[in-house]
Amino acid sequence: MIILRNIKVPYDKDEKFLSGEIAKKLNKRDFNYKIYKKSLDARHEISFVYQVIVDLDLADIDKKIIKRLKNNIEEFHEDKLEVENINKIKSAVIIGTGPAGLFAAYLLAKKGVKVTLIERGKKVEERLRDIDTLHETGKLDENSNVQFGEGGAGTFSDGKLTSRSKDKRVSHVFEIFVKNGAPEDILYEQKPHIGTDILRNVIKNIRQDIERKGAIYKFSEKLIDFEICNGKINKIITDKGEYSADCYILAIGNSARDTFVMLDKYDLIEQKPFAVGFRIEHLRKNIDKAQYGMISEKLPSATYQLNVTDKEEAHSVYTFCMCPGGYVVNSSSIKSQLCINGMSYHDRRGENSNSAVVATIDKKIYGEGNLAGMNFQNEIEKKAYKMGGGLAPVQRVKDFMENRATEKLGEVLPTFKPGYVFADLNEIYPESINHAIKNALKLMNRRVHGFCSDDAILTGVETRTSSPIRIVRENYRSEKLKNLFPIGEGAGYSGGIISSALDGLKCAMEILEGEKEC
Ligand code: FAD
């Protein structure tokens, strides 16, 4: 097989055009191909750029053609995930069914390990009902919400499946998604996206797949403590029982604050920097126009990723978790506290596009102590809840820049449900954060025209961009407890659905094949 790169297809042409281009480049008629990568080039004439795998050998291609195509053609070898249970691991308890926990469970169960998954939240179908109630009434279930429940934090998200990892095993994560109902294009799109509507179903299918491999799920059950003996966990204690296994995987996500307190008791964690800010909403059509110079139903809703490091400012500011055609959602997991995030459906055709605009913070803002960052998050979320009185505090960008509460909206309407109140978001964070965000909004406007437009809407508060703690580990193992494997975003080693899933997969490989025993 060969890989052929850099094949340009104008945005308004279909796949027939692509096969024609391949035929022309190789001077061949008879071949099969599959798309390997597809990206959008919006710099000059808008086009899609493809890499394809063709079922021909390099020896079948004219030497002059190979010379002409230079680096754009070479032999291709498929990568296989070959793992054996060399360490003869019999059983594992996994706490948390977010992507990190699920992908660790998937591989361990596939290799014959008896896996038990403990999840404080509910099955995805039941969780959906609780989240609908949250959106309709503002009533929060502290164990079944956008953060907690089957599939973890990303289940009610934009379902962006991007990852910066160059690790080849990422492709196995995508294959497992596709095998369980995700669209095939995630295997090759440069910015794969699935949307919350499809992702929920994939999570359910992955559960059934893992159960068929012999694993047991325990929903609505929370890890509350460990029993420790000679530097190892002897058993874990939940609010409903106790479990013993050869190894324990902790995949609890970035919002398990009560569990972080328990881990601190055993001196397993340290604080780490993270970022806080607001979510910004623009009209989708304005972002599309700014990014493409045109609006077309044939193009995907436009994305952006912006960052500003200004030496004059105390904080770097960046956009995060951009949701084209998406919605701003309540992602709190504690009553009388508010934090928000973004989600979208597969079609990404909502009226607005949103993203988080967040400033990096560290102990200069929240002080010393393993849990200082988490305590700061709590304080901010309480302020935001009080300001909104159960709804979300929102402000026009112009009013934020001029330090006054909004009195009337312009062309952008907030999407947060069940509703919003007008506020002055300057009252939430320390001044250095507000200052850095204001400066960044103006600079970001140079990159995406209209980003800092008067009528864009800010909603507060975005506090859970990443974990405020790190569960210290070396080669996937806790430094202090030999048979404990902290993984995923909560442990501070990944950020996002794919990197968390990959961390889970790699941890399972370490357990099965690593040199050290559990
Ligand atoms: P989580 O997914 O957080 O899973 C942790 C699980 O552990 C949860 O199910 C929780 O209930 C459970 N748990 C916690 N404590 C306990 C306990 N004591 N006992 C038992 N169970 C426990 N990332 C992207 O890549 N793309 C996106 O589009 C995207 N959008 C997002 C939108 C929203 C609204 C949110 C909140 C996040 C989004 N993210 C997105 C981030 C992404 O969801 C996380 O990076 C990812 O889910 C982290 O995976 P994880 O497995 O480490 O933890």
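Look a little higher up for the structure.
Residues numbered from 1 in each chain as written. Predicted model: local features only at pLDDT ≥ 70, side-chain atom pairs only at ≥ 80, totals over all residues. Heavy atoms only, no water.

Caption draft 1: Region of the structure containing the overall build of the protein chain. Of regular secondary structure, the protein chain possesses 14 helices and 25 strands. Taken over the C-alpha trace, the protein chain has a radius of gyration of 24 Å; the compact-globule value for 518 residues is 24 Å, and the two agree within 12%. Seen through its C-alpha atoms, the protein chain measures out along the principal axes to roughly 70 × 65 × 45 Å. Within the protein chain, the proportion of its 518 residues that are buried is 55%. Per element, the accessible surface of the protein chain, about 23200 Å² overall, is 46% carbon and sulfur. Taking the average place of the 80 positive charges on the side chains of the protein chain and the average place of its 75 negative ones, the gap between the two points comes to 2 Å. (Helix = DSSP H or I, 4+ residues; strand = E, 2+ residues; numbered from the N terminus. Rg over C-alpha atoms; globule rule 2.2 N^0.38 Å. Buried < 20%, exposed > 50% of the residue type's maximum accessible area, 1.4 Å probe, protein only. Areas by Shrake-Rupley, 256 points an atom, 1.4 Å probe, with all protein chains shown as cover. Lys, Arg positive; Asp, Glu negative; His and termini not counted. Charge placed at Lys NZ, Arg CZ, Asp CG, Glu CD.)

Caption draft 2: Highlighting the packing of aromatic side chains. Applying the stated criterion across every chain, the model contains 13 aromatic pairs. Each ring, one from F226 and one from Y266, has its centre 5.9 Å from the other, and the planes form 35 degrees; the classification is tilted. Of the two residues, F226 sits in strand 8 (residues 223-229) while Y266 sits in the loop between helix 7 (257-265) and strand 12 (269-271), which places them 40 residues apart along the sequence. Assessed through its relative accessible area of 4%, F226 is described here as buried. Note on Y318 and F320: the rings are 6.2 Å apart at their centroids and 85 degrees apart in plane angle, and the pair reads as edge-to-face. Aromatic ring contacts, followed pair by pair, group F274, Y366 and F376 into a single cluster. A cation sits over an aromatic face here: R120 above F148, 4.2 Å from the ring centre. (Phe/Tyr/Trp six-rings, centres within 6.5 Å; stacked < 30°, edge-to-face > 60°. Lys NZ or Arg CZ within 6 Å of the ring centre and 35° of its normal.)

Caption draft 3: Highlighting the site of the ligand. In the neighbourhood of the ligand, 37 residues make up the surrounding shell, with E119, G154, E489, G496 and I497 lying closest. Between an oxygen atom of the ligand and a main-chain N or O atom of G496, the distance comes to 2.8 Å. At 2.7 Å, a backbone N or O of I497 approaches an oxygen atom of the ligand. Among the elements of the structure, helix 3 (99-110), strand 17 (340-343), helix 13 (488-491) and helix 14 (497-513) are those that each provide at least two residues to the shell around the ligand. Tallied by class, residues from the shell around the ligand come to 14 nonpolar, 16 polar and seven charged. Residues lining the shell around the ligand come from more than one domain, with at least three contributed by each of domain 2 (91-270 + 468-513) and domain 3 (273-462). (Near = heavy atom within 4 Å. Polar contact = N/O pair within 3.5 Å; in protein donor to acceptor, adjacent residues only side chain to side chain. Nonpolar A, V, L, I, M, F, W, Y, C, P; charged D, E, K, R; others polar. Domains from an automatic or database assignment.)

Caption draft 4: Just the side chain of S478, in detail. With respect to the secondary-structure elements, S478 resides in strand 24 (residues 477-478). We classify S478 as buried; its relative accessible area is 6%. At a separation of 3.0 Å, a polar atom in the side chain of S478 contacts the main-chain amide nitrogen of L481. Discounting chain neighbours no more than four positions away, the residues touching S478 are L268, V472, R473, L484 and P486. (Contact = heavy atoms within 4.5 Å.)

Caption draft 5: Main features of the packing of helix 4 (residues 124-137) against helix 6 (residues 195-212). Following both chains from N to C, one finds helix 4 and helix 6 inclined at 150 degrees, their axes separated by 10 Å at the closest point. With respect to helix 6, the element helix 4 is oriented roughly antiparallel. Across the interface between the two elements, V124, E125 and L128 of helix 4 pack against R200, K204 and R207 of helix 6. Here the contact of helix 4 with helix 6 is built from residues that sort into two nonpolar, no polar and four charged. (Axes fitted to C-alpha atoms, helices over the stretch in contact; angles between N-to-C directions. Parallel < 35°, antiparallel > 145°, perpendicular 65-115°, else oblique.)

Caption draft 6: Examining the pairing of strand 5 (residues 91-95) more closely. Burial analysis of strand 5 places five of its five residues in the buried class, which makes it a mostly covered element. Burial of strand 5 is two-sided: the residues S91, V93 and I95 facing one way and the residues A92 and I94 facing the other way are all buried. Pairing geometry for strand 5 and strand 6 (residues 114-118), over five bridges, is parallel. Counterpart to A92 in the pairing with strand 6 is V115. Taken together, strand 5, helix 3 and strand 6 constitute a β-α-β crossover, and its handedness is right-handed. Of the strand pairs in this sheet, strand 5 and strand 11 (residues 247-250) are connected by four bridges, and their pairing is parallel. By the bridge assignment for strand 11, I95 is matched with L250. (Pairing = 2+ DSSP bridges. Right-handed = clockwise from strand over helix to strand, strands pointing away.)

Honestly, it's all geometry; don't read function into it.
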